[in-house]
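Residue strings, one per chain:
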Amino acid sequence: MNTQANKGKAVVTGASSGIGAIYADRLARRGYDLVLVARDEAKLQEVANTISNATGRKVETIKADLTSTADLRALERTLATDSAITMLVNNAGLGAGPGLLNATPEYLDELIAINVTALTRLTRAIVPAFISRSAGTIINISSIAAIAPEVLNGTYGGTKAYVLAFTQSLHHEFADKGIQVQAVLPGATRTQFWDRAGVPVQHLPQEWVMTAEDMVDAALVGLDQKELITIPALPTLENWNQFEAAREAMRGGLSAVKPAVRYHVAS
Ligand code: NAP
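Overview of the structure. (Residues numbered from 1 in each chain as written. Predicted model: local features only at pLDDT ≥ 70, side-chain atom pairs only at ≥ 80, totals over all residues. Heavy atoms only, no water.)

### Some words on the overall build of the protein chain
Helix and strand content of the protein chain: 8 helices and 9 strands. With respect to the three principal axes, the spread of C-alpha positions in the protein chain is 70 × 45 × 40 Å. Taking all 267 residues of the protein chain together, the buried fraction comes to 46%. Intrachain contacts of the protein chain at a sequence separation of at least 6 include 69% that bridge at least 24 residues. As displayed, the protein chain has an accessible area near 13600 Å², and 56% of this comes from carbon and sulfur atoms. (Helix = DSSP H or I, 4+ residues; strand = E, 2+ residues; numbered from the N terminus. Buried < 20%, exposed > 50% of the residue type's maximum accessible area, 1.4 Å probe, protein only. Contact = heavy atoms within 4.5 Å. Areas by Shrake-Rupley, 256 points an atom, 1.4 Å probe, with all protein chains shown as cover.)

### Here's the deal with the site of the ligand
Every one of the 31 residues lining the ligand counts as a neighbour, but Arg39, Asn91, Tyr156, Thr189 and Thr191 are closest to it. Here Tyr156 contributes a side-chain N or O atom positioned 2.8 Å from an oxygen atom of the ligand. At a separation of 2.5 Å, an oxygen atom of the ligand approaches a polar side-chain atom of Thr191. For the ligand, whose unbound accessible area comes to 880 Å², protein coverage reaches 98%. (Near = heavy atom within 4 Å. Polar contact = N/O pair within 3.5 Å; in protein donor to acceptor, adjacent residues only side chain to side chain.)

### Observations concerning the environment of Val89
Along the chain, the position of Val89 falls in strand 4 (residues 85–90). Put simply, Val89 and Ile141 are 52 residues apart on the chain and 7.6 Å apart in space, counted from C-alpha to C-alpha. What Val89 contacts, discounting residues up to four positions off in sequence, is Val11, Val12, Thr13, Tyr23, Leu27 and Ile139.

### Some points on helix 3 (residues 69–81)
For helix 3, with 13 residues, the first-to-last C-alpha span of 18 Å sits near the 18 Å given by 1.5 Å per residue. For helix 3, the set of buried residues is Leu72, Leu75, Glu76 and Leu79. Down the axis of helix 3, the sector holding all buried residues measures 105°, keeping them to one side. Looking at helix 3, the residues exposed on the side facing more than 90 degrees away from the buried face are Ala70, Arg77 and Thr81. (Expected span 1.5 Å × (residues − 1). Arc of directions from axis to C-beta.)

### Considering the packing of helix 1 (residues 18–29) against helix 7 (residues 212–224)
Interhelical geometry of helix 1 versus helix 7 gives an angle of 55° and a closest axis separation of 9 Å. Between helix 1 and helix 7, the interaxial angle falls into the category oblique. As helix 1 runs across helix 7, the sense of the crossing is right-handed. The segment helix 1 lies against helix 7, with Gly18, Ile19, Ile22, Tyr23, Arg26 and Leu27 engaging Ala212, Glu213, Met215, Val216, Asp217, Ala219 and Leu220. (Axes fitted to C-alpha atoms, helices over the stretch in contact; angles between N-to-C directions. Parallel < 35°, antiparallel > 145°, perpendicular 65-115°, else oblique. Left-handed = near helix turned anticlockwise from the far one by under 90°.)

### Digging into the sheet that holds strand 1 (residues 9–13)
Strand pairing in a sheet is mediated by backbone hydrogen bonds. Such pairs are either parallel or antiparallel. Overall, parallel pairing links the 7 strands, which are arranged 3-2-1-4-5-6-9 in an open sheet. Of all strands in the sheet, those bounded by a partner on one side alone are strand 3 (59–63) and strand 9 (229–230). Inspection of the sheet shows strand 6 (residues 179–184) paired to strand 9 by 2 bridges, in the parallel sense. Directly across from Val184, in strand 9, lies its bridge partner Thr230. Across the sheet, helix 4 (residues 105–133) is in contact with strand 1, strand 4, strand 5 (136–141) and strand 6; its angle to strand 4 comes to roughly 160°. (Pairing = 2+ DSSP bridges.)

### With respect to helix 1
Relative to the 16 Å expected for 12 residues at 1.5 Å per residue, helix 1 spans 17 Å between its end C-alpha atoms, a close match to the ideal helical length. Taking burial as the measure, the 12 residues of helix 1 include 9 buried ones, the bulk of the element. Those residues of helix 1 not exposed but buried are Ile19, Gly20, Ala21, Ile22, Tyr23, Ala24, Asp25, Leu27 and Ala28. Gly31 lies just past helix 1 and shows a positive phi near 110°.

### Focus: the pattern of salt bridges
According to the stated counting rule, one finds 11 salt bridges in the structure shown. Ionic pairing is found between Arg26 and Asp217, a salt bridge with its closest N-O pair at 2.7 Å. Here Asp217 lies in helix 7 and Arg26 lies in helix 1, a separation of 191 residues in the sequence. Here the salt bridges share partners, and the residues they tie into one network are Asp25, Arg26, Arg29 and Asp217. (Salt bridge = Lys/Arg side-chain N within 4 Å of Asp/Glu carboxyl O.)

### Considering the side chain of Thr137
Here Thr137 lies in strand 5. Beyond its immediate stretch of four places on either side in the chain, Thr137 contacts Thr86, Met87, Leu88, Phe130, Gln180 and Leu223.

### Re the packing of aromatic side chains
Under the counting rule described, the total for this entry stands at 4 aromatic pairs. Look at Tyr156 and Phe193: their rings are 5.6 Å apart centre to centre, the planes differ by 55°, and that puts the pair in the tilted class. Of the two residues, Tyr156 sits in helix 5 (residues 154–174) while Phe193 sits in helix 6 (residues 192–196), which places them 37 residues apart along the sequence. Look at Tyr156 and you get buried, because its relative accessible area is 5%. Owing to a relative accessible area of 18%, Phe193 belongs among the buried residues under this scheme. For the ring pair Phe193 and Trp194, a centre distance of 5.3 Å and an interplane angle of 80° mean the geometry is edge-to-face. The same class applies to Phe193 as to Trp194, namely buried. Through a chain of ring-to-ring contacts, three or more aromatic side chains come together here, namely Tyr156, Phe193 and Trp194. (Phe/Tyr/Trp six-rings, centres within 6.5 Å; stacked < 30°, edge-to-face > 60°.)

In structure tokens form, the structure reads like this:
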């Protein structure tokens, strides 16, 4: 039942199934009321009823196709004007689909529209409200494909690398304004994501596949620990820290008046 103090409303995109539905459940148990967003109204309502019965929290649903400009605009308005919203979970996404040569232009558009454009625009819509309140949390669901683009199709990896870089830049710009951001990089997770892409999850090596429940629970502990980047499966955090340290170490040399000596450019 409703055991936690009210923490405001969390908006979760892609909450009709998989990772988003588990985020919704866990956030309600942590004291959030919810706004659940996806296209499938019946499934959204089912998730909403289950959660409100179990937790006593208020759960609203918004049927929206995030590739539709009109739906996106309406959701942007909600984010900008509903002062009870304290968290945005940009989770909706697809794609373990075909490689570049087998992908239709329409599929590539859809992939980028959901994974990149919608995530960016929804973030843009909520940030001014969070700044004005000096508080708010944005969780962006990326993927290990962000740092291992070889594992699935390249466009998907590219969109998820965008989510990672965008989240790092959000932290850089807004952490001192009271906004907490987190990019979550799940590995293979047991959801419909794989079936939707025509790659049954049973065909993956099972030792790679995490349940959505474990993935989300770990990611929320990462959030509590104020991690900017959470990779639930990574056994050794030091690997990520070294990766970031190497990136930081390059920073001072990335821009210069002359090309590096190895390019032998005489001027
Ligand atoms: P999922 O069960 O297929 O969930 C995807 C969610 O996105 C659904 O709720 C779906 O709802 C929603 N969605 C898809 N297209 C949409 C659209 N045009 N407009 C609005 N909502 C839309 O897959 P999942 O694994 O939970 O995926 C969630 C996130 O995790 C994605 O960003 C995915 O890239 C990421 N991820 C997944 C894995 C994995 O192995 N499963 C690994 C790394 C990252 P409707 O169909 O009802 O609209």
